[in-house]
Amino acid sequence: MDGNGRWATSRGLRRIQGHRRGKDSVKEIVETAREIGIEYLTLYAFSSENWERPRREVDALMGLLRRYLKTELNKMMRNEIRLRAIGNLRKLPREVLSELRSVEKATRHNDKMTVQLAVSYGAREEIALATRKIARQVRDGLLDAGDVDEEVIGDNLMTAGIPDPDLLIRTSGEMRLSNFLLWQLAYTEIYVTDILWPDFRRAEFLDALEHYKTRQRRYGKTGEQFAQQGA
Ligand code: IPE
Ligand code: MG
């Protein structure tokens, strides 16, 4: 969800006002995704690198996150949405972490859609953590080193149990992954739009999905193989 800062400064506003407007986009996109039957939606809300931003901006983002969780819980219950968080959550301020845990707990049996919130998240950190977990299992004799395969790695990532994304949407025109789900995105279709996140709403989301439908996902096979299978 990129472009909040640019959205604000181009209007002579403070960056935080862009983040505030970005929160409205989050609400609209979650609502739309639920309405059209998307089962998993991951939002990259705050990266492990974002901790390096000015203290004031970090505090404001944490405040927004906390308020979002507080005000949206009812809607998540009504719409049967499960919320789960991935990231190095121990770095979050105590009040934010406890709000997050309580929303996760309250929504854990909701099964119409899963919203995965990546906060204080970095993919390399996630992979390092998974590697440590696997190494310990091998050390303790619970796992044979020769059995460490893609499935074992996937099962030890924070996203365990969540399917790999079909589509990655990157707003504000940046052509990079920014340490997001590096393992899980192996075969994900990438859609980059110049639209800034606060302007990314229902219509823009539906455009991205329409575009996705035109992609031929070959998973390394040839176009002819797919034509033959009728895929
Ligand atoms: C939102 O956009 C991303 C967050 C960390 C919340 P930015 O704050 O990165 O906006 P730009 O890139 O400065 O425009
Ligand atoms: Mg940015």
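These figures come from a predicted structure and were not determined experimentally.

Rules of the game
Residues numbered from 1 in each chain as written. Chains lettered and ligands numbered in written order. Predicted model: local features only at pLDDT ≥ 70, side-chain atom pairs only at ≥ 80, totals over all residues. Heavy atoms only, no water. Helix = DSSP H or I, 4+ residues; strand = E, 2+ residues; numbered from the N terminus. Contact = heavy atoms within 4.5 Å. Salt bridge = Lys/Arg side-chain N within 4 Å of Asp/Glu carboxyl O. Buried < 20%, exposed > 50% of the residue type's maximum accessible area, 1.4 Å probe, protein only. Expected span 1.5 Å × (residues − 1). Bend = angle between axes of the 7 residues up to and from the residue. 1 Å grid on protein atoms, 1.4 Å probe; cavity = no way out; pocket = protein on both sides within 12 Å on 5 of 7 lines; lining within 4 Å. Points joined across faces, edges and corners; volume = space filled by probe spheres on them. Near = heavy atom within 4 Å. Polar contact = N/O pair within 3.5 Å; in protein donor to acceptor, adjacent residues only side chain to side chain. Areas by Shrake-Rupley, 256 points an atom, 1.4 Å probe, with all protein chains shown as cover. Nonpolar A, V, L, I, M, F, W, Y, C, P; charged D, E, K, R; others polar.

Draft legend 1. Representation of the environment of Ile195 within the structure. Locating Ile195 in the fold gives a position in the loop between β5 (189-192) and α7 (202-213). In this structure, the C-alpha to C-alpha distance between Ile195 and Gly3, residues 192 residues apart in sequence, is 8.0 Å. If near-sequence neighbours (up to four positions away) are discounted, Ile195 is found in contact with Thr171, Ser172, Phe200 and Glu204.

Draft legend 2. Structural view of the pattern of salt bridges. This structure, assessed with the given rule, holds 21 salt bridges. We note a salt bridge from Arg170 to Asp2, for which the minimum N-O separation is 2.9 Å. Placement of Arg170 in strand β4 (residues 167-170) and of Asp2 in the segment before α1 (4-9) is noted, with a sequence separation of 168 residues between them. Arg170 sits in the buried class, given a relative accessible area of 13%. Linking Arg215 and Glu189 is a salt bridge whose minimum nitrogen-to-oxygen distance equals 2.8 Å. In this pair, Arg215 is assigned in the loop between α7 and α8 (223-229) and Glu189 in strand β5, connecting sequence segments 26 residues apart.

Draft legend 3. Fine view of helix α3 (residues 55-78). With 24 residues, α3 ought to run about 34 Å at 1.5 Å a step, and its terminal C-alpha atoms sit 35 Å apart, in line with that. Of all bends in α3, the biggest is about 45°, found at Glu72. Along α3, the positions that sit buried rather than exposed are Glu57, Val58, Leu61, Met62, Leu64, Leu65, Tyr68, Leu69, Glu72 and Met76. Looking at the buried side of α3, the elements it contacts are α2 (15-36), β1 (40-47), β2 (81-86), α4 (94-107) and β3 (113-121). Just past α3, the residue Glu80 takes up positive phi, approximately 55°.

Draft legend 4. Fine view of empty space enclosed by the protein. Scanning the entire structure with this criterion turns up one cavity of 30 Å³ or more. Space inside the largest cavity adds up to approximately 100 Å³. As for the largest cavity, its lining consists of Lys27, Val30, Glu31, Tyr68, Glu72, Lys75, Met76, Asn79, Ile81, Leu83 and Val115. Those elements that provide at least two residues to the lining of the largest cavity are α2, α3 and β2. Among the elements that make up the lining of the largest cavity, the one with the highest residue count is α3 (four residues).

Draft legend 5. Region of interest: the site of ligand 1. Around ligand 1, a shell composed of Met1, Asp2, Gly3, Asn4, Gly5, Arg6, Arg15, His19, Ala45, Asn50, Arg53 and Leu61 is seen. Here an oxygen atom of ligand 1 sits 2.9 Å away from a polar atom, N or O, in the side chain of Arg15. Here an oxygen atom of ligand 1 sits 2.7 Å away from a polar atom, N or O, in the side chain of Arg53. Across the complex, the protein chains shield 86% of the 380 Å² of accessible surface that ligand 1 would expose by itself. Mapped by element, the contributors of at least two residues to the shell around ligand 1 are α1 and α2. Examining the composition of the shell around ligand 1, we find that three residues originate from one element, α1, more than from any other. Residues that form the shell around ligand 1 fall into these classes: three nonpolar, five polar and four charged.

Nothing here speaks to function; it is all geometry.
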